[in-house]
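Read off the chains here:
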Amino acid sequence: LMVFLLQNEDLFERGLSKRVRFELPPEFVIDRGDTLQDQNGLSVLKGSFVTVAPAHAPALATGEGVQTLGIVPMEALAWPPALLGEDGVFRHRGPNTYNATNDREAIEAWFKTLEEKSPATQESYRRAVERLVLWSVVEQRCSLSSLNTIDFTEFRDFLRAPPPHWCSRFPTMRYSEDWRPMRGPMGDASIKATMSAVATLYADLLQCGYLSANAVASVRTAKRQEIQMDVMRSFSDDDLMAIQRTFEKKSDGASKRRLLAILLLFQTSGMRRSEAANLTWGKLAPMRVNNRLSEEWAATFEGKGKKARCVPLKAATIAALNAH
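Residues numbered from 1 in each chain as written. Predicted model: local features only at pLDDT ≥ 70, side-chain atom pairs only at ≥ 80, totals over all residues. Heavy atoms only, no water.

Let's shift gears to the packing of helix H4 (residues 119-139) against helix H5 (residues 149-160). When two helices pack together, their arrangement is given by the angle between their axes and by how far apart the axes lie. Relative to each other, H4 and H5 sit at 115 degrees, their axes nearing to 11 Å. In terms of their interaxial angle, H4 and H5 are classed as roughly perpendicular. As H4 runs across H5, the sense of the crossing is right-handed. Mapping the contact onto sequence places Arg131, Leu132 and Trp135 in H4 and Asp151, Phe152, Glu154, Phe155 and Phe158 in H5. (Axes fitted to C-alpha atoms, helices over the stretch in contact; angles between N-to-C directions. Helix = DSSP H or I, 4+ residues; strand = E, 2+ residues; numbered from the N terminus. Parallel < 35°, antiparallel > 145°, perpendicular 65-115°, else oblique. Left-handed = near helix turned anticlockwise from the far one by under 90°. Contact = heavy atoms within 4.5 Å.)

Encoded structure:
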């Protein structure tokens, strides 16, 4: 879709934001001489559309083999040779089970060990380590294997008050020149999660024989403040009545049936957004009572932490799903 929009950008009133655009590779550039006028006088392309694999655009945008030293995604970072950590202060001089010769190879090997974890956990760890790498290499000019305990306390404080050039107000594609690793100062819970991921990385690097010491092990983070549920974030009776009135005014049709199915599913099941979005008929089945199938239905799926969940569904919800 992005390639198509870039190919036809001059036909639109507005161009793409630089937060999402990238340089169109030569093989996808269309000769503007191959345009015709349609019956309304508008320019249209002659010939068929060009199709691209969904994962192709980001790979092209980051520029395979093109790397930069700066606040860029970790895969596009040009590590100065002196900061690769081949002779890092805390490097173990013997062999290591990751077979890594520098910090970059060690991190890449560590990411491969996370492949059995959930996508959400992998993404959380990647963000945390990416921020550490950029801070260490770009800001501190220090290899990861040379960071000491005081350095990690400074990194923790850096997350609490990052400079403006580290932050972006709006979400951007990773291949955009406007991409930044942070959206603003991080709270205690986010800092705790980031430091926990970094601590896991360094503990594993110590365990595999790449490091001789774990400098992050004794770094403390703020104790998470437990707060009670904010019940004021729920819908009031007036809110629910407004929703009901609005729903009843909708004309009958596929859209209304779909909306009813969504509302009842969330209201009666307690599913997370991702769980409801990925729900299929294959995950629904009648419940067993005394080893006999009953008229009650339940959804069985893999929930947070890859734990199996079984959620009973009300008859009205099943009926709404069937109608949808």
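Turning our attention to the pairing of strand S4 (residues 292-302). In summary, the side chains of a regular strand alternate between the two faces of the sheet. By the bridge criterion, 5 bridges tie strand S3 (residues 284-289) to S4 in an arrangement that is antiparallel. For Arg288, the partnering residue across the bridge sits in S4 and is Leu293. Here S3 folds back onto S4 in antiparallel fashion, the turn holding 2 residues, of which Asn290 has a positive phi close to 55 degrees. In this sheet, strand S5 (residues 308-313) lies alongside S4 in antiparallel orientation, the contact comprising 6 bridges. Paired with Phe301 across the bridge in S5 is Arg309. Linkage of S4 to S5, two consecutive antiparallel strands, is achieved through a turn of 5 residues, within which Gly305 is found at a positive phi near 75 degrees. (Pairing = 2+ DSSP bridges.)

Now for helix H3 (residues 103-112). Residues Asp103, Arg104, Ala106, Ile107, Ala109 and Trp110 constitute the buried set of H3. Of the surrounding elements, those touching the buried residues of H3 are H4 and helix H6 (188-207). (Buried < 20%, exposed > 50% of the residue type's maximum accessible area, 1.4 Å probe, protein only.)

Moving on to the nonpolar core. Leu77, Trp79, Leu132, Val133, Leu144, Phe152 and Tyr202 are the most contacted members of the largest nonpolar core, which totals 48 residues. Of all the secondary structure elements, the ones that give two or more residues to this core are H3, H4, H5 and H6. For this core, the element with the highest residue contribution is H4, accounting for 9 residues. Apart from residues no more than four positions distant in its own chain, Val133 is found in contact with Met74, Leu77, Trp79, Ile107, Val138 and Leu144. With 14 residues, the next largest nonpolar core counts Ala299, Phe301, Ala320 and Leu321 among its residues. (Core = buried A, V, L, I, M, F, W, Y, C linked by side-chain atoms within 4.5 Å.)

Read across the sheet, 3 strands follow the order S3-S4-S5 without closing on themselves; strand pairing throughout is antiparallel. Strands at the two margins of the open sheet, each flanked by one partner only, are S3 and S5. The sheet shows a mean angle of 50 degrees between the axes of neighbouring strands, taken without regard to direction.

In this section: the packing of aromatic side chains. Following the criterion strictly, the structure yields 6 aromatic pairs and no others. Ring centres of Phe152 and Tyr202 lie 5.1 Å apart, and the angle between their planes is 85 degrees; on these two criteria the pair is classed as edge-to-face. Of this pair, Phe152 sits in helix H5 while Tyr202 sits in helix H6, and the two are 50 residues apart along the sequence. Overall, Phe152 belongs to the buried group, its relative accessible area being 0%. Judged by relative accessible area, Tyr202 falls into the buried class, the value being 2%. Here Phe158 and Trp166 contribute two aromatic rings whose centre-to-centre distance is 4.8 Å and whose plane-to-plane angle is 80 degrees, an arrangement assigned as edge-to-face. When sorted by exposure, Phe158 lands in the same class as Trp166, which is buried. An aromatic cluster of at least three residues, connected via ring pairs, comprises Trp135, Phe155, Phe158 and Trp166. The ring of Phe247 has Lys256 sitting right over it, with the charged end atom 5.0 Å from the ring centre. (Phe/Tyr/Trp six-rings, centres within 6.5 Å; stacked < 30°, edge-to-face > 60°. Lys NZ or Arg CZ within 6 Å of the ring centre and 35° of its normal.)

Turning our eyes to something else, we now look at the packing of H3 against H4. The geometry of H3 relative to H4 is characterised by a closest axis approach of 12 Å and an angle of 170 degrees between their N-to-C directions. Overall, the two elements H3 and H4 adopt an arrangement that is roughly antiparallel. For the pair formed by H3 and H4, the contact residues are Ile107, Trp110 and Phe111 on the first element and Tyr125, Arg126, Val129 and Val133 on the second. Of the residues contributing to the contact of H3 with H4, the split by class is 6 nonpolar, no polar and 1 charged. (Nonpolar A, V, L, I, M, F, W, Y, C, P; charged D, E, K, R; others polar.)

As a further point, take the pattern of salt bridges. A complete count under the given rule lists 13 salt bridges for this structure. Between Arg174 and Glu75 there is a salt bridge, and its shortest N-O distance comes to 2.8 Å. Taken together, the residues span a long stretch of sequence, with Arg174 in the loop between H5 and H6 and Glu75 in the loop between helix H2 (56-62) and H3 at a distance of 99 residues. Owing to a relative accessible area of 41%, Glu75 belongs among the partly exposed residues under this scheme. The partner of Asp157 in a salt bridge is Arg156, with the nearest N and O atoms 3.3 Å apart. A relative accessible area of 38% places Asp157 in the partly exposed class. With relative accessibility at 18%, the residue Arg156 sits in the buried group. It is possible to trace a salt-bridge network through shared partners that takes in Glu75, Glu123, Arg126, Arg127, Glu130 and Arg174. (Salt bridge = Lys/Arg side-chain N within 4 Å of Asp/Glu carboxyl O.)

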